[in-house]
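Chain by chain, the residues:
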Amino acid sequence: MAERPVCDYEGSDYQEVFWDQGGRAYEDRCEEIALRRLLPEHGKQMLEIGAGAGRNTARYNGYEKIVLLDYAHTQLMRAQQLLGRSQKYTYVIADAYRLPFAAGVFDGVTMIRTLHHMVDPQAVINQTRNVMQPDGMFLLEFANKQNIKAIMRWWLRRQEWNPFDHSPVEYTRLNFDFHPRAVRSWLNDAGFTIERLLTVSHFRVGLLKRIVPSSILAAMDSVAQLTGNWWQLSPSVFVRARVIGADPVIAAGAFWRCPACRSLQMDEGGTSVDCVDCGKRWPIRDGIYDFKDPLP
């Protein structure tokens with residue numbers, strides 16, 4: 001199978017430019033509200049796919065352990081600087097298309113502001129299902145193609161693509177908007193059932209954000225989010241899904257899976273995780289596991 005392209009944030013100042021200095025306090029507050037509504041009070045082990053610099057990680061504090069996964073080493077370094085090193089956090093560099101974990105490891109998974117970078121979203125959702133325990137909770141956010149702004153632009157003939165069409169639209173390289181029905185279909189096909197939807201960031205309009213305090217806009221959004229099960233017309237949609245169907249075959253005591261050969265025969269030492277079957281040695285540097293670039 002050909003390698004899928006990956007949106008790589010290595011060396012990016014995304015956290016500083018987009019969030020810290022980008023005037024997105026409103027969006028951040030809205031996401032915090034949505035997460036608080038959808039997350040369980042307690043959990044054992046969570047996987048955060050697309051953790052970036054750890055902006056949301058502290059919001060998952062109901063889980064005993066959290067694995068932060070990202071494709072970019074520099075983003076995880078920033079997350080580690082923010083959160084520190086402890087038994088609670090594990091930092092993992094890896095490709096979401098080839099998750100380096102055994103089946104049934106996690107009782108919770110989140111993927112926030114990440115799916116929109118995936119050229120093959122079904123494959124990533126399938127991978128997510130494979131590493132989850134029976135009845136596990138999957139909290140997914142996706143960029144909604146069928147939002148009010150896109151609908152208005154299409155009606156006024158200011159954009160070519162149809163917001164009601166179910167196929168993804170790539171509005172810039174490796175940045176996709178998805179139709180809610182397409183996302184529902186991918187989740188169902190992977191073995192999830194949808195429990196709840198929240199529509200988020202209804203008032204993501206430059207003029208409103210300049211003249212209305214973010215706290216007031218977020219309070220308004222908090223009310224509007226509750227319509228998510230009825231219709232999805234906001235630019236961002238949060239989904240809480242639950243694992244259903246056949247349980248994965250879980251290897252007792254296994255945690256890592258080799259992303260190269262998919263073997264579960266992995267030996268972890270102080271400086272690397274070594275695959276017994278294919279011989280790949282995956283380095284551990286400064287508390288960060290690297291399953292992207294094996295040792296020579």
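Throughout what follows, the structure given in this document is the object of discussion. This structure is a prediction, so every number in the text was calculated from the model and none was measured.

### Quick word on the nonpolar core
With 49 residues, the main nonpolar core has Leu-47, Val-92, Phe-101, Phe-138, Leu-187, Phe-192 and Phe-291 as its most contacted residues. Per-element tally for this core: the top contributor is helix H6 (residues 180-190), with five residues. In this view, Phe-192 contacts Ile-125, Thr-128, Arg-129, Met-132, Phe-138, Leu-187, Ala-241, Arg-242, Val-243 and Ile-244; residues no more than four positions away in its chain are not counted. Ile-66, Tyr-91, Ile-112 and Leu-217 belong to the second-largest nonpolar core, a separate cluster that totals 28 residues.

### Points about the state of the cysteines
Per the stated rule, a full pass over the model turns up zero disulfides. In this model Cys-261 remains outside any disulfide bridge; the closest cysteine sulfur is found in Cys-275, 3.5 Å from its own. Here Cys-278 stays free of any disulfide, with the sulfur of Cys-275 as its closest cysteine sulfur at 3.6 Å.

### What about the pattern of salt bridges?
Tallying each qualifying case throughout the model produces 17 salt bridges. Salt-bridge contacts for Asp-120 lead to Arg-4; the nearest nitrogen and oxygen are separated by 3.1 Å. Of the two residues, Asp-120 is situated in the loop between strand S4 (106-111) and helix H4 (121-130) and Arg-4 in the segment before helix H1 (14-20); the sequence distance between them amounts to 116 residues. Since its relative accessible area comes to 22%, Arg-4 is described here as partly exposed. The partner of Arg-285 in a salt bridge is Asp-290, with the nearest N and O atoms 3.7 Å apart. By relative accessible area, which is 44% here, Arg-285 ends up partly exposed. Of the residues examined, Asp-290 reaches a relative accessible area of 8% and is grouped as buried. The structure contains a network of salt bridges with shared partners spanning Asp-28, Glu-31, Glu-32, Arg-55, Arg-59 and Arg-113.

### Considerations on H6
Burial in H6 covers these residues: Pro-180, Ala-182, Val-183, Trp-186, Leu-187 and Ala-190. All buried residues of H6 fall inside an arc of 165° around its axis, so they share one side. H6 presents Arg-181 and Asp-189 as exposed residues on the side facing more than 90 degrees away from its buried surface. Buried residues belonging to H6 abut H4, strand S5 (132-143), strand S8 (192-200) and strand S9 (236-243). Just downstream of H6 lies Gly-191, where phi reads positive at about 105°.

### Quick word on the side chain of Gln-45
Along the chain, the position of Gln-45 falls in strand S1 (residues 43-49). With relative accessibility at 18%, the residue Gln-45 sits in the buried group.

### Notes on unusual backbone geometry
If a residue is not glycine, its phi is most likely negative; likewise, a peptide bond is most likely trans. Positive phi is not limited to glycine here, since Ser-201 has a value of about 65°. Among the residues examined, Ser-201 registers a relative accessible area of 1% and is labelled buried. Residue Arg-262 is not a glycine yet carries a positive backbone phi of 70°. One can find Arg-262 in the loop between S9 and strand S10 (266-268). Taking relative accessible area as the criterion, Arg-262 reaches 29% and is therefore assigned partly exposed.

What counts and what doesn't
- Residues numbered from 1 in each chain as written.
- Predicted model: local features only at pLDDT ≥ 70, side-chain atom pairs only at ≥ 80, totals over all residues.
- Heavy atoms only, no water.
- Core = buried A, V, L, I, M, F, W, Y, C linked by side-chain atoms within 4.5 Å.
- Buried < 20%, exposed > 50% of the residue type's maximum accessible area, 1.4 Å probe, protein only.
- Helix = DSSP H or I, 4+ residues; strand = E, 2+ residues; numbered from the N terminus.
- Contact = heavy atoms within 4.5 Å.
- Disulfide = S-S within 2.5 Å.
- Salt bridge = Lys/Arg side-chain N within 4 Å of Asp/Glu carboxyl O.
- Arc of directions from axis to C-beta.

Nothing here speaks to function; it is all geometry.
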